[in-house]
Amino acid sequence: VLSDRAAPQDVADGEAFRAADLRDASQVAAMLQGIDRVIHLGGQSVEADWETVRQANIDGLQTFFEGCRAARVSRVVFASSVHVVGFYGRNRRIGVQDPVRPDGLYGVSKAFGEAMAALYADKHGLQCLSIRIGNVHPRPLDRRRLSIWLHPEDLVQLCAIGLEHPAIHNQVVFGMSGNARAWWDNAPAYALGYRPAHDAEDHAEYALAHDAPADPV
């Protein structure tokens, strides 16, 4: 079952579409009717003014989680973002246990989403996996993205873990492929069986060749 505010043009056989706006509790309730597990990718996906971020990623997310509780949804995979920790320097690796340091209002809203997942897991028994997604693309496009790249197939693997792993209560992981230059320690994902099929270093020559020149000193 797919959901968005507007129907996509390529709904395939075996798929159904239910229109829903996250700001409308009745639409969210109808969308979740009979649903057991959800991959939640909806909301405002980039930095914006506070009103735009708040409506989709704060108010809308609370409506979504409360709808899941009422519909007895068992699991949620929540699309968080590495912008939750965007103000850490690149001089050391950080883990999911390090305090959040959002780099904008969008990052703040994703930190709120992780907190909502924790609340609904601890208080209502909803099993949650929050994926701090890096840059999703078939290959890393520059030097920076050698550290934060996530191949779409590896994202699918993380989503499958979130939907199926028996031991998940509430867990945060980083959404990245096999990146030797990573700025993040993704041990919690590996402990859940994550084994990325793609390695950023396979694309290093291309990424470095297309890297923008450094700013002059």
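Residues numbered from 1 in each chain as written. Predicted model: local features only at pLDDT ≥ 70, side-chain atom pairs only at ≥ 80, totals over all residues. Heavy atoms only, no water.

To continue, consider the sheet that holds strand β8 (residues 170–175). Taken together, four strands build an open sheet; the order of strands is β3-β4-β5-β8 and the sheet is parallel. Here the strands that pair on one side only, and so sit at the sheet edges, are β3 (37–40) and β8. With strand direction ignored, the average angle separating the axes of adjacent strands in the sheet is 15 degrees. Of the strands in this sheet, β4 (75–81), β5 (127–133) and β8 are in contact with helix α3 (residues 105–124), which crosses β4 at around 160 degrees. On the sheet, helix α5 (residues 152–164) packs against β3, β4, β5 and β8 and is oriented at approximately 145 degrees with respect to β4. (Pairing = 2+ DSSP bridges. Helix = DSSP H or I, 4+ residues; strand = E, 2+ residues; numbered from the N terminus. Axes fitted to C-alpha atoms, helices over the stretch in contact; angles between N-to-C directions. Contact = heavy atoms within 4.5 Å.)

Right, let's talk about the pattern of salt bridges for a bit. By the definition in use, this model includes nine salt bridges. Linking Glu114 and Arg132 is a salt bridge whose minimum nitrogen-to-oxygen distance equals 2.8 Å. Remark: Arg132 occurs in strand β5 and Glu114 occurs in helix α3; sequence separation between them is 18 residues. Each member of the pair Glu114 and Arg132 is classed as buried. (Salt bridge = Lys/Arg side-chain N within 4 Å of Asp/Glu carboxyl O. Buried < 20%, exposed > 50% of the residue type's maximum accessible area, 1.4 Å probe, protein only.)

Turning our eyes to something else, we now look at the pairing of β5. Taken across its seven residues, β5 has six buried, putting it largely inside the fold. The β-α-β motif built from β4, the intervening α3 and the parallel element β5 has right-handed crossover chirality. (Right-handed = clockwise from strand over helix to strand, strands pointing away.)

Here we come to the side chain of Arg145. With respect to the helices and strands, Arg145 occurs in helix α4 (residues 145–148). Overall, Arg145 belongs to the buried group, its relative accessible area being 19%. Not counting residues within four places of it along the chain, the set of residues in contact with Arg145 comprises Asn135 and Pro140.

Quick look at the packing of aromatic side chains now. A full pass over the atoms with the stated rule returns five aromatic pairs. Centre to centre, the rings of Phe64 and Phe65 are 5.5 Å apart; their planes meet at 70 degrees, and the pair counts as edge-to-face. Through pairs of rings, three or more aromatic residues link up here, namely Phe64, Phe65 and Tyr120. Taking NZ or CZ as reference, Arg101 lies 4.9 Å from the ring centre of Tyr88, over its face. Between the NZ or CZ atom of Arg139 and the centre of the ring of Tyr206, over which it lies, the distance is 3.4 Å. (Phe/Tyr/Trp six-rings, centres within 6.5 Å; stacked < 30°, edge-to-face > 60°. Lys NZ or Arg CZ within 6 Å of the ring centre and 35° of its normal.)

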